[in-house]
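# Structure at a glance
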Amino acid sequence: MSLPKAEDTSNMLEMEMQWAVKAMHHAETYMKLIKAIGSKDLKLTPVDDELYSDFKKNFPDLNVAKLDERDFKSDVAKAKWREFMNKYENKVKDYNFGSLLRIDCTGDYSEENTMFVMRTQFYCIEIARNKQGLNDALKQ
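Residues numbered from 1 in each chain as written. Predicted model: local features only at pLDDT ≥ 70, side-chain atom pairs only at ≥ 80, totals over all residues. Heavy atoms only, no water.

Under an unreviewed UniProt entry, the protein chain has the name Polysaccharide biosynthesis domain-containing protein and belongs to Coemansia spiralis.

Below, the structure written as structure tokens:
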């Protein structure tokens, strides 16, 4: 793999900024939804139930209330997640887009409480939190 030429890096910076704006917008929209209408019956994808069931089967011990980045970022975890997510390539829109995810479900998005994940990972964690009532306290 070759590195980009210096004259091409301005485009990359612009793309990064566009991604950051889109990811932040997604995070803000999600927080507004769970604060306004609650989360128990919130549907995030057409395959929420399938995703939740498959997630619980493949990651039974993952603590969704307070995440450990090693469950996402270690080499073993990355490989396991990659295999899991690839099954949803044609079922979940933007399945591998980058998303921001709250580490501790009791808090809002902040620099200390946010990590970067793929969209399918975001859906798995937030669907689980919603179904388990972990986001209920955020409803205003």
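## Here's the deal with the packing of helix α2 (residues 48-58) against helix α4 (residues 75-86)
To characterise two packed helices, one gives the angle between the axes of the helices and the distance between these axes. This is how it is decided: Working convention: axes come from line fits to C-alpha atoms, limited for helices to the stretch in contact. Angles between N-to-C directions cover 0 to 180 degrees. What counts as a helix is a DSSP run of H or I of at least four residues, what counts as a strand is a run of E of at least two, and both are numbered from the N terminus. Orientation categories follow fixed angle ranges, with anything under 35 degrees roughly parallel, anything over 145 roughly antiparallel, 65 to 115 roughly perpendicular, and all other angles oblique. Should the near helix be turned anticlockwise from the far one by less than a right angle, the crossing is termed left-handed; should it be turned clockwise, right-handed. Contacts are residue-level and defined by heavy atoms, with any inter-residue pair within 4.5 Å sufficient. Here the term charged refers only to Asp, Glu, Lys and Arg, the term nonpolar to Ala, Val, Leu, Ile, Met, Phe, Trp, Tyr, Cys and Pro, and the term polar to all other amino acids, Gly among them.
Between α2 and α4, the least distance of the axes is 12 Å, while the angle of their chain directions is 155 degrees. Classed by the angle they form, the pair α2 and α4 counts as roughly antiparallel. Considering the relative orientation of α2 and α4, their crossing is right-handed. Contact residues: Leu 51, Asp 54, Phe 55 and Asn 58 in α2; Lys 80, Trp 81 and Phe 84 in α4. Partitioning the contact of α2 with α4 into residue classes produces four nonpolar, one polar and two charged.

## Considerations on the confidence of the model for the protein chain
Convention followed: Each residue carries a pLDDT score, the predictor's own confidence in it, on a scale running from 0 to 100.
Here the protein chain shows a mean pLDDT of 87. Residues at 70 or above account for 89%. Put simply, helix α1 (residues 9-37) is where the protein chain has its lowest mean pLDDT, 76, and α2 is where it has its highest, 97.

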